[in-house]
Amino acid sequence: MDQRYTRTAMTLHWLIAILLLSQFAFGWYLNDIPRGVPARGYFVNLHKSSGMLIAVLIVMRLVWRLSHKPPPLPDTLPRWQQRAAAASHNLLYVLMLLMPLSGYLGSNFSKHGVNFFNLVKLAPWGPDNKLVYTLFNQTHLISSWLLLALVMLHVAAALKHLFVDHDTIFSRMWPRRFSFRFLGH
Ligand code: HEM
Ligand code: HEM
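Computed from a predicted model, the values in this text were never measured in an experiment.

Cut-off values and rules
Residues numbered from 1 in each chain as written. Chains lettered and ligands numbered in written order. Predicted model: local features only at pLDDT ≥ 70, side-chain atom pairs only at ≥ 80, totals over all residues. Heavy atoms only, no water. Donors = N, O, S within 2.8 Å, 3.2 Å for Na, K, Ca; no water. Tetrahedral: all angles 85-135°; square planar, octahedral: opposite > 155°, others 65-115°. Helix = DSSP H or I, 4+ residues; strand = E, 2+ residues; numbered from the N terminus. Buried < 20%, exposed > 50% of the residue type's maximum accessible area, 1.4 Å probe, protein only. Lys, Arg positive; Asp, Glu negative; His and termini not counted. Salt bridge = Lys/Arg side-chain N within 4 Å of Asp/Glu carboxyl O. Contact = heavy atoms within 4.5 Å. Near = heavy atom within 4 Å. Polar contact = N/O pair within 3.5 Å; in protein donor to acceptor, adjacent residues only side chain to side chain. Nonpolar A, V, L, I, M, F, W, Y, C, P; charged D, E, K, R; others polar. Expected span 1.5 Å × (residues − 1). Phe/Tyr/Trp six-rings, centres within 6.5 Å; stacked < 30°, edge-to-face > 60°. Patch = residues over 30% accessible without salt bridge, like charges linked within 9 Å, V, L, I, M, F, W, Y side chains within 5 Å. Areas by Shrake-Rupley, 256 points an atom, 1.4 Å probe, with all protein chains shown as cover.

A. Local environment of the coordination of the iron atom of ligand 1. Within the first shell, the iron atom of ligand 1 binds the protein through His13 (NE2) and His154 (NE2), at distances of 2.0 Å. Coordination at the iron atom of ligand 1 is octahedral, judged from the six donor atoms that bind it and the angles of 87 to 179 degrees they form at the metal. One end of the pair, His13, is in helix α1 (residues 7-32); the other, His154, is in helix α4 (residues 130-165), and 141 residues separate them in sequence. What makes His13 buried here is its relative accessible area of 13%. Looking at His154, the relative accessible area reads 27%, which means it is partly exposed.

B. Representation of the side chain of Lys48 within the structure. One can find Lys48 in helix α2 (residues 38-66). There is no salt bridge for the buried Lys48, and the closest opposite charge comes from Asp128, which lies 11 Å off by N-O distance. Excluding anything up to four places from it in sequence, Lys48 contacts Ser107, His112, Gly113 and Val114.

C. Expanded view of the site of ligand 1. Lining the immediate environment of ligand 1, one finds 20 residues, of which His13, Arg65, Tyr93, His154 and Arg172 sit closest. Between ligand 1 and Arg65, the relevant distance is 2.5 Å, taken from an oxygen atom to a side-chain nitrogen or oxygen of the residue. Elements supplying a minimum of two residues to the shell around ligand 1: α1, α2, α3 (79-107) and α4.

D. Up close: the coordination of the iron atom of ligand 2. Those donors, His47 (NE2) and His140 (NE2), are the protein atoms that reach the iron atom of ligand 2, and they lie 2.0 Å from it. Each of the six donor atoms around the iron atom of ligand 2 contributes to a set of angles spanning 88 to 179 degrees, which defines the coordination as octahedral. With His47 in helix α2 and His140 in helix α4, this residue pair connects regions lying 93 residues apart in the sequence.

E. Molecular detail of the site of ligand 2. Neighbouring ligand 2 are 22 residues; Asn31, Arg35, Arg40, His47 and His140 lie closest to it. Within the contact set of ligand 2, an oxygen atom lies 3.0 Å away from a side-chain nitrogen or oxygen of Arg40. For ligand 2, an oxygen atom lies 3.3 Å from a polar atom in the side chain of Asn137. Every element with two or more residues in the shell around ligand 2 is listed here: α1, α2, α3 and α4. Of the residues that constitute the shell around ligand 2, the class distribution is nine nonpolar, ten polar and three charged.

F. Structural view of α4. Taking 1.5 Å of rise per residue, the 36 residues of α4 would be expected to cover 52 Å, and the 50 Å separating its terminal C-alpha atoms lies within 8% of that figure. Within the span of α4, buried status applies to Phe136, Ser143, Ser144, Leu147, Leu148, Leu150, His161 and Leu162. For α4, the capping residue at the N-terminal end is Asn129, with a side-chain oxygen 3.0 Å from the backbone nitrogen of Leu131. Downstream of α4 by one or two residues, His166 has phi in the positive range, about 50 degrees.

G. View of the packing of aromatic side chains. Under the counting rule described, the total for this entry stands at eleven aromatic pairs. On the basis of an interplanar angle of 90 degrees and a centroid distance of 5.7 Å, the ring pair of Tyr29 and Phe43 is categorised as edge-to-face. Of this pair, Tyr29 sits in helix α1 while Phe43 sits in helix α2, placing them 14 residues apart in sequence. Here the aromatic cluster, defined as three or more aromatic residues joined through ring pairs, consists of Trp14, Phe170, Trp174 and Phe178.

H. Here's a closer look at a nonpolar patch on the surface. A contiguous nonpolar surface patch, about 520 Å² in accessible area, is contributed by Trp28, Leu141, Ile142, Trp145 and Leu146. Per element, the largest residue contribution to the nonpolar patch is four residues, and it comes from α4. Assignment of secondary structure puts Leu141 in helix α4.

Have a look at this one:
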C-alpha cells in the first residue's frame, strides 16, 4: 500500500509553502517602507494582491483536502503523536485561512480598499473605520507570528522524523524519486 501523499497534495503543499514564506518576507519588507511615500501604496497593493491569489490556492487546497483522505499514519507512531499531528495540521489550515482573510477584511474597512496589482481598483465595501481596521490588522499581525511559530514546529517535527526517528513520515510529502534511503529509509 502506498503511504505517500498524492501528487496533487504534494504540489499544493510545496507551492503554498514557498508562496506563503515569500509573502511573509514581503509583509516584513512593508515595515521598512515609510508611511506616506507613494512607493508604500504600490508595494502594499502588490502584497494585498499576491495574498489574495495565495488565498485562492489555499481555499482550493482545503476543498481538495476535505474531499480526499490523507494516507494513514503508520501504526508504530505513538497515539499522542498521531493526535498532535492532526491537531497541528488543522491549526495550520485555520491560520493559513486567517492570514489572508484578516488582511482582506481589514483592507475593506479603510478608505484604500485593494488596488489589485495596481491595475484594478476594488473599492472598499465597508466603512472607513479605524477601530475595525485596527482589529483586523492586529489579527493579521498576531496570526502571522502564530503561523510562523507553528511552521517552525512543523518543520522541526518533519526533520526529527527524518534524522532521529528514521521513519517514513518525511518521505510521505516527497515524490518517490526523492529517495531518503541513505538516511535509513
Ligand atoms: C509555510 C510552510 C508550510 C505549511 C503551511 C505546511 C503545512 C502542512 C500541512 C497543513 C500538512 C498536512 C497535510 C494534510 O494532511 O492535509 C503538512 C504536511 C507535511 N509537511 Fe508541511 N507545511 C509547510 C512547510 C513544510 C516544510 C518546510 C517541510 C519539510 C521540511 C514540511 C514537511 C511536511 C511533511 C513531511 C508533511 C507530511 C506529514 C504527515 O505525513 O503526516 N512542510 N504540511
Ligand atoms: C496570504 C497570506 C499573507 C501573509 C502570510 C501575510 C503576511 C504579512 C506580514 C508578515 C505582514 C507584516 C506584519 C507586521 O510585521 O507588521 C503583513 C502586513 C500587511 N498585510 Fe499581509 N499577508 C498575507 C495576505 C494579505 C492580504 C490578502 C492582504 C489584504 C488584502 C494583506 C494586507 C496587509 C497589509 C495592509 C499589511 C500592512 C499592515 C501595516 O503595516 O499596517 N495581507 N502581511
